[in-house]
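Letter by letter, the chains look like this.
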Amino acid sequence: MKSFFIGNLEVKLPVIQGGMGVGVSLSGLASAVANEGGVGVISCAGLGLIYHKSPGDYLAKCISGLKEEIKKAKEKSKGIIGVNIMVALSNYADMVKTSIAEKADVIFAGAGLPFDLPSFLTHDSKTKLVPIVSSSRAAKIICDKWKNNYGYLPDAIVVEGPKAGGHLGFKANQIEDEHYSLEQLIPEVVSVVDSYKDEKNIPVIAAGGISSGKDIHRFLEMGASGVQLGTIFITTTECDASDTFKNVFVNAKQEDIRIIQSPVGMPGRAIDGEFIRSVEKGLEKPKNCPFHCIKTCDYTKSPYCIIQCLYQAARGNMKKGYAFTGINVHLSEKISSVKEVISKLKVEFLSAKFER
């Protein structure tokens, strides 16, 4: 696998670990992937819950929690550490400012279009900016807006297809439509970024449903410079979630996957379970909202509190939460180390390369 650059950062292994919240990808997983030459990513969603003993209110705890996770990741690794920030978060701006101030190497921003992301850069900041999109149209709009408003082009673009885990940037009827497949999207976005190549090289990163070295080889052949993988890293010893949570993935079958409607206002791919069925019966409606974590969420109309549900699941309380997953969760067989997972991907990649 060839290295590629995000700005002036050389990514020696073209693998980005997806940001997974709440509490699934923190400094433990991020540093382990970074130590293997990939990009390790901390999810900043719900850090105020994880750092509930910190001083201040929920929003203050999110800031101190993110500072602590970046610090810990940098202590454990000299590799590339990124932060995943959902644009839909009500504290999106705080999380961006904190990531830049703490010198995170990369910000990955999705779950909404980060039109104003370059506005947070300071004169001495070195943090690279990478939007996550689900269409070539979104990629083109972001490039043009950033260029016209800030004189800045993305340092890379992640293209997330409909086979991804968690929130999906597609309508429900588009998820199974081959016209919206990642195989369709990657060449389209590569074509968009090629139109800016005289000004900046913008690598394209393929994401969503990628789970083998053969998959990686296929998307690199289509013009992607790297791939983003999430689900495959959940069943690792270094993943920051509980073993109970990890074993939900080990035991999951393909027929256990559900497309659900999230309070965020997007469809999401999750593993079916007791909590989802309880939601369908109307038994999980929140009585109040101490966090107001998502801009678009109105707790009086919401069927459940998503941040609490994801936090409880990662801790292993599956009666009070569910697990988001990519489409290939059934391939999870056991809990392995990050090193073992990446070694297997490399072997599969080489095998695919020599099959040609």
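Above this text sits the structure in question.
Bear in mind the structure is a predicted one, so any value in this text is a computation, not a measurement.

Definitions and cut-offs
Residues numbered from 1 in each chain as written. Predicted model: local features only at pLDDT ≥ 70, side-chain atom pairs only at ≥ 80, totals over all residues. Heavy atoms only, no water. Helix = DSSP H or I, 4+ residues; strand = E, 2+ residues; numbered from the N terminus. Rg over C-alpha atoms; globule rule 2.2 N^0.38 Å. Buried < 20%, exposed > 50% of the residue type's maximum accessible area, 1.4 Å probe, protein only. Areas by Shrake-Rupley, 256 points an atom, 1.4 Å probe, with all protein chains shown as cover. Lys, Arg positive; Asp, Glu negative; His and termini not counted. Charge placed at Lys NZ, Arg CZ, Asp CG, Glu CD. Salt bridge = Lys/Arg side-chain N within 4 Å of Asp/Glu carboxyl O. Contact = heavy atoms within 4.5 Å. Core = buried A, V, L, I, M, F, W, Y, C linked by side-chain atoms within 4.5 Å. Phe/Tyr/Trp six-rings, centres within 6.5 Å; stacked < 30°, edge-to-face > 60°. Axes fitted to C-alpha atoms, helices over the stretch in contact; angles between N-to-C directions. Left-handed = near helix turned anticlockwise from the far one by under 90°. Nonpolar A, V, L, I, M, F, W, Y, C, P; charged D, E, K, R; others polar. Expected span 1.5 Å × (residues − 1). Arc of directions from axis to C-beta. Polar contact = N/O pair within 3.5 Å; in protein donor to acceptor, adjacent residues only side chain to side chain. Parallel < 35°, antiparallel > 145°, perpendicular 65-115°, else oblique. Pairing = 2+ DSSP bridges.

**Some points on the overall build of the protein chain**
Secondary structure assignment for the protein chain yields 12 helices and 14 strands. Whereas a compact globule of 356 residues would reach a radius of gyration of roughly 21 Å, the protein chain reaches 19 Å, a difference of no more than 12%. Referenced to the eigenvectors of the C-alpha coordinate spread, the extents of the protein chain come out at roughly 55 × 50 × 40 Å. Expressed as a percentage of its 356 residues, the buried residues of the protein chain come to 56%. If you sum the accessible surface of the protein chain, you get close to 15,600 Å²; carbon and sulfur atoms cover 50% of it. Separation between the mean location of the 43 positive side-chain charges and that of the 38 negative ones in the protein chain comes to 3 Å.

**Regarding the side chain of Lys-61**
Turning to its location among the elements, Lys-61 is positioned in helix α3 (residues 58-76). No salt bridge is formed by the buried Lys-61; its nearest oppositely charged neighbour, Asp-57, is found at 7.7 Å. Once you skip the residues sitting within four places of it in the chain, Lys-61 turns out to touch Leu-47, Gly-48, Tyr-51, His-52, Ser-54, Pro-55 and Gly-56.

**Brief notes about the nonpolar core**
With 108 residues, the main nonpolar core has Phe-233 and Tyr-322 as its most contacted residues. Other than its neighbours up to four places away in sequence, Tyr-322 contacts Ile-260, Ala-270, Ile-271, Phe-275, Ile-276, Tyr-304, Ile-306, Cys-309, Leu-310 and Ala-313. By size, the runner-up hydrophobic cluster in this structure holds 16 residues, among which are Val-106, Ala-156, Ile-205 and Ala-207.

**A word on the packing of aromatic side chains**
Following the criterion strictly, the structure yields nine aromatic pairs and no others. Judged by centre distance (6.1 Å) and plane angle (85°), the ring pair of Tyr-92 and Phe-120 falls under edge-to-face. One end of the pair, Tyr-92, is in helix α4 (residues 92-101); the other, Phe-120, is in the loop between β6 (106-110) and β7 (128-133), with 28 residues separating them in the sequence. As far as burial versus exposure is concerned, Tyr-92 and Phe-120 are alike and both buried. When the ring of Phe-275 is compared with that of Tyr-304, the centres are 5.6 Å apart and the planes differ by 90°; the resulting orientation is edge-to-face. Taken as a pair, Phe-275 in helix α10 (residues 274-280) and Tyr-304 in the loop between α10 and α11 (306-315) lie far apart in primary sequence, 29 residues in all. Tyr-304 carries the same exposure label as Phe-275, and that label is buried.

**A few points about the packing of helix α1 (residues 27-35) against α3**
One can describe the packing of α1 onto α3 by two numbers: an axis separation of 9 Å at closest approach and a directional angle of 35°. Helix-helix and strand crossings are classified by hand; for α1 and α3 the assignment is right-handed. For the pair formed by α1 and α3, the contact residues are Ser-27, Gly-28, Ser-31 and Asn-35 on the first element and Glu-69, Lys-72, Ala-73 and Lys-76 on the second. Residues of the contact of α1 with α3, tallied by class, amount to one nonpolar, four polar and three charged.

**Remarks on the environment of Arg-218**
Within the element layout of this structure, Arg-218 appears in helix α7 (residues 213-221). For Arg-218, a relative accessible area of 33% puts it in the partly exposed group. Sequence-wise, Arg-218 and Ala-111 are 107 residues apart; in three dimensions their C-alpha atoms are separated by 26 Å.

**Details of unusual backbone geometry**
With omega at 5°, the peptide bond leading from Gly-21 into Val-22 counts as cis. Within the secondary structure layout, Val-22 lies in the loop between β3 (15-17) and α1.

**Brief notes about α3**
Taking 1.5 Å of rise per residue, the 19 residues of α3 would be expected to cover 27 Å, and the 27 Å separating its terminal C-alpha atoms lies within 8% of that figure. Buried within α3 we find Tyr-58, Lys-61, Cys-62, Gly-65, Leu-66, Glu-69, Ile-70 and Ala-73. Buried residues of α3, seen end-on, are gathered within an arc of 165° and therefore sit on one face of the element.

**Some words on the environment of Glu-340**
Examined against the element boundaries, Glu-340 turns out to sit in helix α12 (residues 338-355). Classification of Glu-340 by relative accessible area gives partly exposed; the value is 46%. As for Glu-340 and Thr-236, which are separated by 104 residues in sequence, their C-alpha atoms are 8.9 Å apart. Within the structure, the side chain of Glu-340 is placed 2.8 Å from the backbone nitrogen of Ser-337, a separation counted as a polar contact.

**With respect to the packing of α7 against α12**
Taken N-terminus to C-terminus, the directions of α7 and α12 make an angle of 55°; their axes are 7 Å apart at the nearest point. As far as their axial angle goes, α12 and α7 are oblique. The interaxial crossing formed by α7 with α12 has right-handed handedness. Between α7, through Gly-213, Lys-214, Ile-216, His-217 and Leu-220, and α12, the contact on the second element is made entirely by Leu-345, Glu-348, Phe-349, Ala-352 and Lys-353.

**A short note on the pairing of strand β13 (residues 267-271)**
Of all five residues in β13, five are buried, a share of seventy percent or more. Burial along β13 is two-sided: the face carrying Pro-267, Arg-269 and Ile-271 and the face carrying Gly-268 and Ala-270 are both buried. As paired strands, strand β9 (residues 166-167) and β13 are joined by two bridges and run antiparallel to one another. Within β13, the residue paired with His-167 across the bridge is Gly-268. Where strand β12 (residues 257-261) folds back onto β13 in an antiparallel hairpin, the turn is made up of five residues, including Gly-265, whose phi is positive at roughly 100°. Examined bridge by bridge, β13 and strand β14 (residues 323-324) share two bridges and lie antiparallel to one another. When the bridges of β14 are listed, Ile-271 appears paired with Ala-323.

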